[in-house]
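# Structural description and commentary
What follows is the residue order along each chain.
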Amino acid sequence: MKLAIFGDNRLGVVGADGTTLVDVTAALPGHDADPLTAGWWRGLCRDFAELRPALEAAAKEGPEIPVESVRLRPAVLGPSKVIAAACNYADHVTEMHGVQERTLGKVEHWMMDFDVFLKAPSSLAGPSDDVVLPPSVVQAGHEIHHESELVVVIGTGGRDIPVEKALGHVFGYTLGLDITVRSPGDRSRRKSYDTFSPIGPWVTTADEAGDPAAFTIDLVLNGDDHRQHCDTADMLMPVPDIVAYASRIMTLHPGDVIFTGAPPGVGPIEAGDLLDTRITRLGGMTVRVR
Ligand code: MN
């Protein structure tokens, strides 16, 4: 099932070809349009198996609305954490040596190993939103890069989750851009500006999405500059390992989000650019930079 948040934080079930959706909000217990409470969404992530029959019934009955006629919101609502993996593709680690030589004048060797860090949940944006480059960062002359990534949405939370049970804790998958300032200092600041985490266009539930090691990620800049093309099979730490690793550090809650790391091909973006990002079986979105 493909689930989209749209309009006044309503829930839609997206049709098979991704062009229509049905508003199923009325089938949700305790829906609340206030995006700052978000309880209904986290409840849906946790209790999807239970809620699914009612959503399926509502999706069959309701009128189909063209997706292009609604405002798609960020694909998730109010996660307690946005976790992100660093250095999860070998070719990206290699390219980061060159990027750091150019942007920092040196290689920060501690940043060349797999790890997780946090992005502010307030940096989330939707497919209908622009990425806004902070004027002070642009004036300082720092490069701002796109990273196009597979994103995991947690269903049942937990801590110390074993690798072999990790996929059972995944609610679904979506795609995200981990927009990043290449300047000295902490990742959490450089990646947490408002709009620096576009995520969408919807969540594809784990049962429909299938094996997270079988996706292909693409990012095309301005229609002809094919910057990123990568199979998720090339991850150094596959999705179950990332979930298990993160859960040994912090308790994962329903609805938490994990960016799984940048494929190779990251590069600078400028005002006016169009970022077209897609992942096989999950959909795509085109985001403008200003
Ligand atoms: Mn990243």
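Above: the structure in question.
Each value, and the rule that gives it
- All residue numbers refer to position in the chain's written sequence, counted from 1.
- With the structure being a predicted model, the display of local features is reserved for residues of pLDDT at least 70 and the display and counting of side-chain atom pairs for 80 or more, all residues being used for whole-chain, interface and lining totals.
- Based on all heavy atoms of the structure, the side-chain values leave hydrogens and waters out of the count.
- Strands are labelled as partners when DSSP assigns at least two bridges between them.
- Under the scheme used here, helices are H or I runs from DSSP no shorter than 4 residues and strands are E runs no shorter than 2 residues, and both carry numbers assigned from the N terminus.
- Here, two residues are considered to be in contact whenever any of their heavy atoms come within 4.5 Å of each other.
- Axis definition: a line fit to C-alpha positions, over the contact stretch in the case of helices; interaxial angles, taken between N-to-C directions, run 0 to 180 degrees.
- For the exposure calls, accessible area comes from a 1.4 Å probe over protein chains only, and a residue counts as buried if that area is under 20% of its type's maximum, exposed if over 50%, partly exposed in between.
- Each cavity reported here is a set of points on a 1 Å grid over the protein atoms alone in which a 1.4 Å probe fits but cannot get out, each pocket an open set with protein on both sides within 12 Å along at least five of seven lines, and each lining residue one with an atom within 4 Å of a point.
- Grid points are joined across faces, edges and corners, and a volume is the space filled by probe spheres set on the points.
- Residue polarity is assigned by list, with Asp, Glu, Lys and Arg as charged and Ala, Val, Leu, Ile, Met, Phe, Trp, Tyr, Cys and Pro as nonpolar; anything else, Gly included, falls into the polar class.

## Some thoughts on the sheet that holds strand β11 (residues 180–182)
Hydrogen bonds between backbone groups are what pair the strands of a sheet, and the pairing can be parallel or antiparallel. The strand order β11-β8-β16 describes an open sheet built from 3 strands, whose pairing is antiparallel. In this open sheet, the two strands that pair with only one neighbour each are β11 and β16 (267–268). Pairing between strand β8 (residues 143–146) and β16: 2 bridges, direction antiparallel. In the sheet register, His146 faces β16, and the bridge partner there is Gly267. Against the sheet, helix α2 (residues 90–104) engages β8 and β11, with an angle of about 160° to β8.

## Side note on unusual backbone geometry
In this structure, Pro201 follows Gly200 across a cis peptide bond, with omega equal to 0°. Among the secondary structure elements, Pro201 is positioned in strand β12 (residues 197–205). Unusually for a residue other than glycine, Cys87 sits at a positive phi of about 55°. Relative to the assigned elements, Cys87 resides in the loop between β5 (82–86) and α2. Notably, Arg281 is not glycine yet its phi reads approximately 70°, a positive angle. Tracing the backbone through its elements, the reader meets Arg281 in the loop between β17 (274–279) and β18 (283–288). Classification of Arg281 by relative accessible area gives partly exposed; the value is 42%.

## Considering the layout of surface pockets
Here the largest pocket is characterised by a volume of approximately 350 Å³. Every residue lining the largest pocket is counted, 19 residues in all, and those nearest its centre are Pro35, Pro74, Leu77, Gly78 and Leu124. In terms of residue class, the lining of the largest pocket is built from 11 nonpolar, 5 polar and 3 charged. Size it by volume and the second largest pocket reaches roughly 260 Å³. Lining of the second largest pocket is provided by 24 residues; of these, Met96, Gln100, Met111, Arg182 and Arg187 occupy positions nearest its centre. Put simply, the parts of the chain that give the lining of the second largest pocket at least two residues each are β5, α2 and α4 (187–190). With 6 residues, α2 is the single largest residue contributor to the lining of the second largest pocket.

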